[in-house]
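# Observations on the model geometry
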Amino acid sequence: MYLRRLGFSNFRNYSELNLEPSTGLNLFVGANAQGKSNLLEGIAMLGTGKSFRTARDSDAVRAGCERAVLSGEATSRAGNVNLACAIDRGPRGTRKTYTVNASPVRYANYLGRIRVVTFVPADLKLAAGTPGARRAFLNIALAQTEPRYYYELARYRKALQQKNAVLRGAVEPDDELLLVYERTLLAAGTEIMLARVRLVDELAHGAAAAHARFAPDEALEVRYEPNVVFDAATPEAIAAAFEARMRHAAESERTRKSALVGPHRDDVGLSLDGVSLAAYGSQGQQRTAVLALKVAEYGVMRERSNEAPLLLLDDVLSELDETRAGAFLGEIGDYEQAFVTATHLPPGLSGARVARVQNARVLEWAAC
Amino acid sequence: MTTVASPVAALINELSKLPTIGPKTAARLVFYLLNRPRNEAQSLAEAILAVKDNVRFCSICYSLAESDPCEFCTDERRDATTICVVAEAKDVYAIERAGAFKGRYHVLGGLISPMDGIGPAQLHLRELIERIGREAPREIILATNPNAEGEATALYLSRLLQPLGVVVTRLAYGLPIGGDLDYADEMTIAKALEGRRTLSY
Ligand SMILES: [Zn+2]
């Protein structure tokens, strides 16, 4: 798939932006703080409705403005689609609204129309970072490729908040009420774990293969490490294991006033020749593993929807040495459209359309 | 710095406390009212006070009423063996508009949401149970919204009511009438499939 048109209005430091990107590689070069990352963030947010940088959507609205709008027209196997995501900053919080072909839709119906794989410098810490960052990595890929996943995740999170509120004593203690939320946690949690098993399984193959070409002497293993251990990846086995763990933890959950078991505490383990990368890997080994994982993510996203997603690389090529950067792009292989930012023209990139980003303006397209 | 006349500021402030009205909309409403004749403003003010002074909650079903018990609870033509449980008084009006229900109502006064400090004790649940004991209805229809809080409340209620020997039903999930399958989201379609029925005539 590719974007044929992209528009920002009062998004971050952009007042108005209208671009007609080309297929293939679109390269944006400029000094820091001119708006390169904002440009990529906007494309990612147009696709996923979420920012990869900030948890607060209100930050996405240009200072002094109330509404930011991201819009775009994409061509995919399903045909042409016009998408818009509006972010409204009001006195009672920030609200996002979505339209597909000018009709308002709910978020669940918006997700997945433009699929993106983003790679930002912070991702390079994925192997050594928090389990939360690795869960977010799984969530964004699943939400874009499985329509039901986002629904289950949202349902799970809501029930978790409610259960924690009961445990905290926000309302009178009530075992029946706990059971109501636990029923939702079990049903949604089982779906989440099933989806994660499948995804990590697909990722593990792709990542191991890419890694074998980056670093032939070491074998990368990517493993799903669910908080609830189960024997078989079937709905029945997972639900039974989850329920048993929940019953077992009930006492300590009451003491600690917090829900202790479930996929909200899942992790993904990365290891080289059986040795944990997070604990013992060098920074170089960790980075190589992340590159392999990103290659795998791109491959899985392409395979799942039978179509190449947009590839967004924010300043990440300049973080890598030339060999690694070249090897990474080589492994990604054929993409339909990529958006890449850099502070200087990276060597060895051919066939790119280059634009300069300066003070929230995108200037002069040129081929390099 | 210029300041607006203080009665204007005061009204803007009052209006912006209302749901869905921000300061900008409040200001628009105030300047609109300023341009209208005095009697219009007066009838608005009187209507607001009349709501507070003359409308109360029915002590049986907790819906809005001018008299207590309300017209639903006293109307002998309505079926007393079926009670429809809703979250808010406004939901009674939504169901009444459809004209398809001829039983009695019970308004919970909200939905269970512990994170917002609303537990079963904050709602008219105990009153519903007492009422079931008193009136011995045949069926309780749970008509809370099909969102997270509505589902949790319905589930909690169904567990609570089961031992009372009353039939507990839930409104069906499905596709909107006149809607287009193409435009329905995946979850609505999945739920509609789950709740499918044999077609007979
Ligand atoms: Zn009544």
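Predicted model only: the values in this text are computed from it and were never measured.

### Description of the overall build of chain B
Within chain B, the regular secondary structure consists of eight helices and six strands. Taking 2.2 N^0.38 as the reference for a compact globule, 201 residues should give roughly 17 Å; the C-alpha atoms of chain B span a radius of gyration of 22 Å, well beyond that estimate. Counting only C-alpha atoms and orienting by the principal axes, one finds that chain B spans roughly 65 × 45 × 40 Å. Counting all 201 residues of chain B, 22% fall into the buried class. Considering only contacts in chain B between residues 6 or more positions apart, those separated by 24 or more positions represent 45%.

### Points about the interface of chain B and chain A
Counting from both sides, the interface comprises 19 residues of chain B and, opposite them, 23 residues of chain A. Counting residues per element, the ones that place at least two in the side of chain B that touches chain A are helix H7 (148-161) and helix H8 (186-194) of chain B. Top contributing element to the side of chain B that touches chain A by residue count: H7(B), with six residues. Of the residues belonging to the side of chain B that touches chain A, the class tally is twelve nonpolar, four polar and three charged.

### Quick look at H7(B)
Helix length check: H7(B), at 14 residues, gives a terminal C-alpha distance of 20 Å against a target of 20 Å (1.5 Å per residue), a fit within 8%. Taken residue by residue, H7(B) has Glu151(B), Ala152(B), Thr153(B), Ala154(B), Leu155(B), Tyr156(B) and Leu157(B) as its buried positions.

### Observations concerning the sheet that holds strand S3 (residues 79-86) of chain B
Residues and elements named next belong to chain B. Taken together, the four strands give an open sheet; going across it, the order is S4-S3-S5-S6, and neighbouring strands pair in parallel fashion. Every interior strand has two partners, whereas the edge strands, strand S4 (103-107) and strand S6 (167-170), have only one. Strand-to-strand twist of the sheet, defined as the mean angle between neighbouring strand axes without regard to direction, takes the value 25 degrees. Judged from the four bridges that link them, strand S5 (residues 139-142) and S6 form a sheet pairing that is parallel. Note on S6: the bridge partner recorded for Glu139 is Val167.

### Regarding the pairing of strand S10 (residues 267-272) of chain A
Residues and elements named next belong to chain A. Note: strand S9 (residues 220-225) against S10, six bridges, orientation antiparallel. Counted as the bridge partner of Arg223 is Gly269 from S10. Alignment of S10 against strand S11 (residues 275-276), held across two bridges, turns out to be antiparallel. Paired with Leu272 across the strands is Val275, a residue of S11.

### Re the confidence of the model for chain A
Per-residue confidence for chain A averages 93 on the pLDDT scale, and 98% of its residues sit at or above 70. Confidence scores differ between elements of chain A, with strand S15 (residues 361-367) of chain A showing the lowest mean pLDDT of 76 and S9(A) the highest of 98.

### Examining the nonpolar core
Grouped together as the largest cluster of nonpolar side chains are 141 residues, with contacts concentrated most on Ile43(A), Ala292(A), Leu293(A), Leu310(A), Leu312(A), Val85(B) and Val86(B). Here this core gets 15 residues from one element, more than from any other, and that element is helix H5 (residues 175-214) of chain A. With sequence-adjacent residues up to four places away left out, Leu310(A) is seen in contact with Met1(A), Leu3(A), Ile43(A), Gly47(A), Ile114(A), Val116(A), Gln337(A) and Phe339(A).

### Side note on helix H3 (residues 38-54) of chain B
Between the first and last C-alpha of H3(B) there are 24 Å, a value that for 17 residues agrees with the 24 Å anticipated at 1.5 Å per step. For H3(B), the tally of buried residues reaches only zero of 17 residues, placing the bulk of the element at the surface.

### Quick word on the sheet that holds strand S7 (residues 103-105) of chain A
All names here are of chain A. Read across the sheet, six strands follow the order S2-S1-S4-S5-S6-S7 without closing on themselves; strand pairing throughout is antiparallel. On the outer flanks of this sheet lie strand S2 (14-19) and S7, each paired with one strand and no other. Across the sheet, the mean angle separating the axes of adjacent strands is 20 degrees when strand polarity is ignored. The sheet contact formed by strand S6 (residues 93-100) and S7 spans three bridges and is antiparallel.

Calculation rules
- Residues numbered from 1 in each chain as written.
- Chains lettered and ligands numbered in written order.
- Predicted model: local features only at pLDDT ≥ 70, side-chain atom pairs only at ≥ 80, totals over all residues.
- Helix = DSSP H or I, 4+ residues; strand = E, 2+ residues; numbered from the N terminus.
- Rg over C-alpha atoms; globule rule 2.2 N^0.38 Å.
- Buried ≥ 20, exposed ≤ 12 C-beta atoms within 10 Å, placed from the backbone.
- Contact = placed C-beta atoms within 7 Å.
- Nonpolar A, V, L, I, M, F, W, Y, C, P; charged D, E, K, R; others polar.
- Expected span 1.5 Å × (residues − 1).
- Pairing = 2+ DSSP bridges.
- Axes fitted to C-alpha atoms, helices over the stretch in contact; angles between N-to-C directions.
- pLDDT = per-residue confidence, 0-100.
- Core = buried A, V, L, I, M, F, W, Y, C linked by C-beta atoms within 7 Å.

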